[in-house]
Each structure stands twice: as structure tokens, then as C-alpha cells.
Amino acid sequence: METLLQEPSTLFQFDRTRQAAPQVFEHMREQIIALALPPGTVLSRIDLAAQYGISQTPVRDALIRLAEEGLVDIFPQHATRVSRIDVALARQAHFLRRSVELEIVRTLAAAPDARLIEKLRATVARATRMLEVHALDEFSDNDQAFHRALYDAANVPDLHALVRRQSGHLDRLRRLHLPIAGKAHEVLRDHAAIVEAIAVGNGVRAEAVLREHLSGTLAHIDDIRARYGNYLK
């Protein structure tokens, strides 16, 4: 399977005030999580450098960072491939994320903030419109933004970065699950319920909905494996 990266001239523009390697890492990570670069895709450093219009050094550095997150497998003197999804690592990431976010929603429900509620409701409204036109890529991005807003509101943005670094395998599983009938509507329903529980200060309800919300994908792992077994370890 060859590299599926689209031409950066139409998809990606460098911020000339930042170093190239972190931007290549971020862009490739987004494509891997979105499955635009699915498991098994061969990543040629030479080809990537040509596509991005940069030297091989920042591409190499980006690939090393992706390997550190377990998103690519580097075989020296042979090939680099997008890794298959490791379900065991996804379960660990789920444990970490659930532990952190349960504390977050409990904290937010203890002191509801009207501005946060308004922001979260707007995020849910945008997701509703995206779902109506079946814009699943945008819907997935909006899902991430919803949860990021919770971390920011609880004043623990660095924890979001930590959880994100550990969640590449889980996020890819969630992206595989999203198109399966009913999943996107469940996400939307759960987000709305979490918002309303926080709004009325019901921490117990917020935790219960969040726990169910985060467990949805792993509860359907057999269905996902049946559909996409070649993507999973």
C-alpha cells in the first residue's frame, strides 16, 4: 500500500514561523488518526520530503515522533509503515482517559459555569448540523473539540495533551466505529446529556453518562474486528 498523502499545496501549508518537523508530525498524525493513512500504508521518507517540499531531516524527525506514539513502525534499512491498531494499548488509553475525564466532569458539575455551558451547547449544535449532512470527518473533529473544552474548563489542558499522546490507537478505533449505524447519534446524545448534567450540577449523572460514552467503542470491538480485522493487531 503506497503513501496516500495528498499534495501539501492543496491540503497543507507550512507556518513559516514554526519549525517544519512538528508541523509534519501534526499533519501526518491527523491523517493517521482520520485513517486517510490507514494501517499498513508504506511511508517513504523520500516521497514525503518531495510531497512536502522539504528536506528528509524534518520528515525523519516527524516519523520518529510518530513511532514514539506507536502510530508507525520503523524497520531500519527496510520500510516505515503505519502501524496496525493495538487493542491492548487502546484499552490502556481508555482507562487513562476515563479516569481523568470522570474527575473533570465531577469538578465542572460542582460549580457550573454559564459560559462553558453555552460553549458546549454550541458544540453540540454544530455536531447536529454535521451529522445531518453526514460530514463524519468534521463530526469527529467536533467530538475532539468537545472533550478538549472540558479539559480547558477544568484548567488541566496539559492533561489533554498527555491523554492525546497515549490515545492514537483508541482514537483510530473510534474513527472506525463512527460510520457504523447508530454510533454518531449515540455520541451526539451523550454529549448533550453530559452538558445538561453539568448545567444542573448533577455530577453523578455526568459521570454515569461519560462512563457509558467512553466505553462504547471498546464494547463493540468484536464488530469492529469483523469489519476491519486487517487493521487490528
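As the structure is a prediction and not an experimental result, all values here were calculated from the model.

## Some details on the overall build of the protein chain
Turning to step 1, where the next piece is worked out: Along its length, the protein chain carries 12 helices and 2 strands.
Turning to step 2, where the next piece is worked out: Its helices and strands taken in sequence order, the protein chain reads α-α-α-α-β-β-α-α-α-α-α-α-α-α from the N to the C terminus.
Turning to step 3, where the next piece is worked out: By the compact-globule yardstick of 17 Å for 233 residues, the protein chain fits well, its C-alpha radius of gyration being 19 Å.
Turning to step 4, where the next piece is worked out: C-alpha atoms of the protein chain, sized along the principal axes, occupy 55 × 45 × 35 Å.
Turning to step 5, where the next piece is worked out: Here the contacts in the protein chain between residues at least 6 apart in sequence split such that 75% fall between residues at least 24 apart.
Turning to step 6, where the next piece is worked out: Total accessible area on the protein chain is roughly 11,900 Å²; 51% of this is exposed by carbon and sulfur atoms.
Turning to step 7, where the next piece is worked out: Looking at charge distribution, the protein chain has the averaged site of its 30 positive side-chain charges lying 2 Å from that of its 30 negative ones.

## What about the pairing of strand S2 (residues 79-82)?
Two faces belong to every sheet, and in a regular strand the side chains alternate between them.
Turning to step 1, where the next piece is worked out: Across 4 bridges, strand S1 (residues 72-75) lies against S2 in antiparallel orientation. Looking at S2, one finds that Ile74 is bridged to Thr80.

## Points about the nonpolar core
Turning to step 1, where the next piece is worked out: Counting residues in hydrophobic clusters, the biggest one holds 34 residues, and the most contacted among them are Phe139, Leu150 and Ile198.
Turning to step 2, where the next piece is worked out: Here this core gets 8 residues from one element, more than from any other, and that element is helix H10 (residues 183-199).
Turning to step 3, where the next piece is worked out: Every residue in contact with Ile198, bar those within four places of it in the chain, is listed here: Val105, Leu108, Ala109, Pro112, Ile117, Leu150 and Ala206.

## What to know about the domain arrangement of the protein chain
Turning to step 1, where the next piece is worked out: Each domain of the protein chain was delimited in the assignment, giving domain 1 (20-82) and domain 2 (87-228).
Turning to step 2, where the next piece is worked out: When domain 1 packs against domain 2, close to 860 Å² is buried across both sides, 54% of that on carbon and sulfur atoms.
Turning to step 3, where the next piece is worked out: Contact with domain 2 buries surface across domain 1, with Arg29, Ile33 and Leu35 losing the most and accounting together for 51% of the total.
Turning to step 4, where the next piece is worked out: The interface formed by domain 1 and domain 2 holds 0 salt bridges in total.
Turning to step 5, where the next piece is worked out: If you look at where domain 1 meets domain 2, you find 2 residue pairs in polar contact (both at pLDDT 80 or more).
Turning to step 6, where the next piece is worked out: If you tally residues by element for the side of domain 1 that touches domain 2, the top one is helix H2 (residues 20-33), at 3 residues.

## Some points on the UniProt feature "domain: HTH gntR-type" (unreviewed entry) in the protein chain
Turning to step 1, where the next piece is worked out: The positions that UniProt labels "domain: HTH gntR-type" (unreviewed entry) are, in the present scheme, residues 18-85.
Turning to step 2, where the next piece is worked out: Segment residues 18-85 splits into 51% helix and 12% strand. End C-alpha atoms: 31 Å apart.

## A closer look at the packing of aromatic side chains
Turning to step 1, where the next piece is worked out: This structure, assessed with the given rule, holds 2 aromatic pairs.
Turning to step 2, where the next piece is worked out: Above the ring of Phe25, the side-chain terminus of Arg65 is found at 3.8 Å from the ring centroid.

What counts, and at which threshold
Residues numbered from 1 in each chain as written. Predicted model: local features only at pLDDT ≥ 70, side-chain atom pairs only at ≥ 80, totals over all residues. Heavy atoms only, no water. Helix = DSSP H or I, 4+ residues; strand = E, 2+ residues; numbered from the N terminus. Rg over C-alpha atoms; globule rule 2.2 N^0.38 Å. Contact = heavy atoms within 4.5 Å. Areas by Shrake-Rupley, 256 points an atom, 1.4 Å probe, with all protein chains shown as cover. Lys, Arg positive; Asp, Glu negative; His and termini not counted. Charge placed at Lys NZ, Arg CZ, Asp CG, Glu CD. Pairing = 2+ DSSP bridges. Core = buried A, V, L, I, M, F, W, Y, C linked by side-chain atoms within 4.5 Å. Buried < 20%, exposed > 50% of the residue type's maximum accessible area, 1.4 Å probe, protein only. Domains from an automatic or database assignment. Buried area = accessible area lost by both parts, 1.4 Å probe. Salt bridge = Lys/Arg side-chain N within 4 Å of Asp/Glu carboxyl O. Polar contact = N/O pair within 3.5 Å; in protein donor to acceptor, adjacent residues only side chain to side chain. UniProt positions renumbered as here; feature names shortened; annotations may be inferred. Phe/Tyr/Trp six-rings, centres within 6.5 Å; stacked < 30°, edge-to-face > 60°. Lys NZ or Arg CZ within 6 Å of the ring centre and 35° of its normal.

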